[in-house]
Amino acid sequence: MIDLAQDRPSNPLLRLGAQPIALTAAALLLLIAGVTSIAIWRAYTGAAPETDRVVASRQLQARTAQASEQLVEKTKGLEATQQESIDQLQVVQDQLQTMKRLMAAQQADTKRLSEQVASLNESIEGLRQSFASARATDVEAPAVTRRKPVRQRAQASARKRSRG
């Protein structure tokens, strides 16, 4: 009995392996049936996924190109705006420097004028004190009566004599 058990294959795959042509023919028929059903389905629905994918990818490329162009335009606009801002800032800085110079010159003039005003005030105060002291000496000095000149006196005395 041991010999009988060895003659029968115990593995079902080994039985299939004995008829490789039939197995290959069945797989080929299944493959052909699947391809045919896909072709019939595409022909019936009119939809081809490859063309849809191509159209979708072209649309995506067009959108990407358009978005890239918009980004380039916006970037150029931002660059132009940034350059204008830099130019305006430079003008403002130049004006600020000019204003600082003018302010410094004005402050120097103001300081010089205030020193001149202080000097004038000191001079005026000195003149007031001098004038006040001159008046004080005039008040203290007695009033001197001027005498008539000698000729006038002589004529006046001669007139008095002739009258009298």
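Position labels on residues start from 1 in each chain and follow its written sequence. Per-residue local features of the predicted model are confined to residues with pLDDT of at least 70, and side-chain atom pairs are confined, for both listing and counting, to 80 or more; whole-chain, interface and lining totals are unaffected and use all residues. With hydrogens and water excluded, all non-hydrogen atoms of the structure serve as input to the side-chain values.

Caption draft 1: Structural context of the overall build of the protein. In DSSP terms, a helix is any run of H or I states spanning at least four residues, a strand is any run of E spanning at least two, and both are numbered starting from the N terminus. Summing up its helical and strand segments, the protein has 5 helices and 0 strands in all. The N-to-C order of helical and strand elements in the protein reads α-α-α-α-α. In this scheme, a residue with accessible area under 20% of its type's maximum is buried, one over 50% is exposed, and one in between is partly exposed, where area comes from a 1.4 Å probe on protein chains only. Looking at the protein residue by residue over its 164 residues, the buried ones come to 0%. Areas reported as accessible are Shrake-Rupley estimates using a 1.4 Å probe. Residue values count occlusion only from the protein chains shown. For the protein, the accessible surface area stands at approximately 15700 Å², while carbon and sulfur atoms represent 61% of it.

Caption draft 2: Region of the structure containing helix α3 (residues 20–45). Its 26 residues place the ends of α3 37 Å apart at the C-alpha level, agreeing with the 38 Å of an ideal helix rising 1.5 Å per residue. Phi turns positive, to about 75 degrees, at G46, one or two residues after α3. In this scheme, a helix's expected span is set at 1.5 Å multiplied by one less than its residue total.

Caption draft 3: Up close: the pattern of salt bridges. Salt bridges are counted wherever a side-chain nitrogen of Lys or Arg sits within 4 Å of a carboxyl oxygen of Asp or Glu. Summed over the entire model, instances satisfying the criterion amount to 2 salt bridges. Here R128 ties to E125 by a salt bridge, and the two come within 3.9 Å at their closest N and O atoms. Note that R128 and E125 are positioned in helix α4 (residues 49–140) at a spacing of 3 residues, about one turn of the helix. For R128, a relative accessible area of 55% translates into the label exposed.

Caption draft 4: View of the confidence of the model for the protein. Every residue gets a pLDDT, meaning the predictor's confidence in that residue, from 0 to 100. Counting all residues, the mean pLDDT for the protein is 83, and 78% of those residues have values of 70 or more. Across the protein, the element-wise mean pLDDT spans from 52 in helix α1 (residues 2–7) up to 92 in α4.

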